[in-house]
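# Structural overview
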Amino acid sequence: MPTQAWYTQFKEENIRSFACFTGDLYAMAEWLKQYGVETVAMESTGVYWIPVFQILESRGFDVKLVNAHYVKTVPGRKTDVLDCQWLQQLHTYGLLSGSFRPEDQICKLRSYIRQRDNLIKSDSIHVQRMQKALI
């Protein structure tokens, strides 16, 4: 767990944003390693967190996925920078608990099953379009 002095120094001097391309996410992981970061707390919003989570985890970080609803209830955090600083402070004090995340093999299987389900559901729509085109 980092000390308060480290948090203050990192908070004031080292705020940086990254694009969402794969190369940029790898650059983010290297940047965090450069500063000796070992654990990362991140909010889960939609599906946008998945590549970031996977890259950070593959680079050896202990990543905690935090439900955005639990940390958004505090008033006054309106910008992304203030929000990330708030998450960092809560994480520094050990006040964040990570959400359940299954192993990679289970995640892959779940996405295959979801894709299959979507294809089956859209099957009848495509058949109807073909029938309409043949009329």
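Residues numbered from 1 in each chain as written. Predicted model: local features only at pLDDT ≥ 70, side-chain atom pairs only at ≥ 80, totals over all residues. Heavy atoms only, no water.

For the rest of this paragraph, the subject is helix H6 (residues 104-134). Over its 31 residues, H6 runs 44 Å from end to end, which matches the ideal 45 Å to within 8%, given 1.5 Å per residue. Asp 123 marks the point of greatest bend in H6, at about 35 degrees. (Helix = DSSP H or I, 4+ residues; strand = E, 2+ residues; numbered from the N terminus. Expected span 1.5 Å × (residues − 1). Bend = angle between axes of the 7 residues up to and from the residue.)

This part is about helix H3 (residues 49-58). Within the sequence span of H3, burial applies to Trp 49, Val 52, Phe 53, Ile 55 and Leu 56. Against the buried residues of H3 lie helix H2 (22-34), strand S1 (39-44) and strand S2 (62-67). In the stretch just after H3, Gly 60 is the one whose phi turns positive, near 95 degrees. (Buried < 20%, exposed > 50% of the residue type's maximum accessible area, 1.4 Å probe, protein only. Contact = heavy atoms within 4.5 Å.)

Okay, the packing of H2 against H3 next. Contact geometry for H2 and H3: axes closest at 10 Å, N-to-C directions at 45 degrees. With respect to each other, H2 and H3 are oriented oblique. H3 is crossed by H2, and the crossing has right-handed handedness. Residue-level contacts link Thr 22, Leu 25, Tyr 26, Met 28, Ala 29 and Leu 32 of H2 to Pro 51, Val 52, Ile 55 and Leu 56 of H3. (Axes fitted to C-alpha atoms, helices over the stretch in contact; angles between N-to-C directions. Parallel < 35°, antiparallel > 145°, perpendicular 65-115°, else oblique. Left-handed = near helix turned anticlockwise from the far one by under 90°.)

As enumerated under the stated definition, the model contains 3 aromatic pairs in all. For the pair Trp 49 and Phe 53, a centre-to-centre distance of 5.7 Å together with 90 degrees between the ring planes defines the contact as edge-to-face. Separated by 4 residues within a single helix, Trp 49 and Phe 53 lie in helix H3, roughly one turn from each other. A relative accessible area of 13% places Trp 49 in the buried class. An aromatic cluster of at least three residues, connected via ring pairs, comprises Phe 18, Trp 31 and Tyr 35. Lys 33 extends its terminal NZ or CZ atom over the ring of Phe 61, reaching a point 4.8 Å from the ring centre. (Phe/Tyr/Trp six-rings, centres within 6.5 Å; stacked < 30°, edge-to-face > 60°. Lys NZ or Arg CZ within 6 Å of the ring centre and 35° of its normal.)

Coordinates in, geometry out; function isn't part of it.
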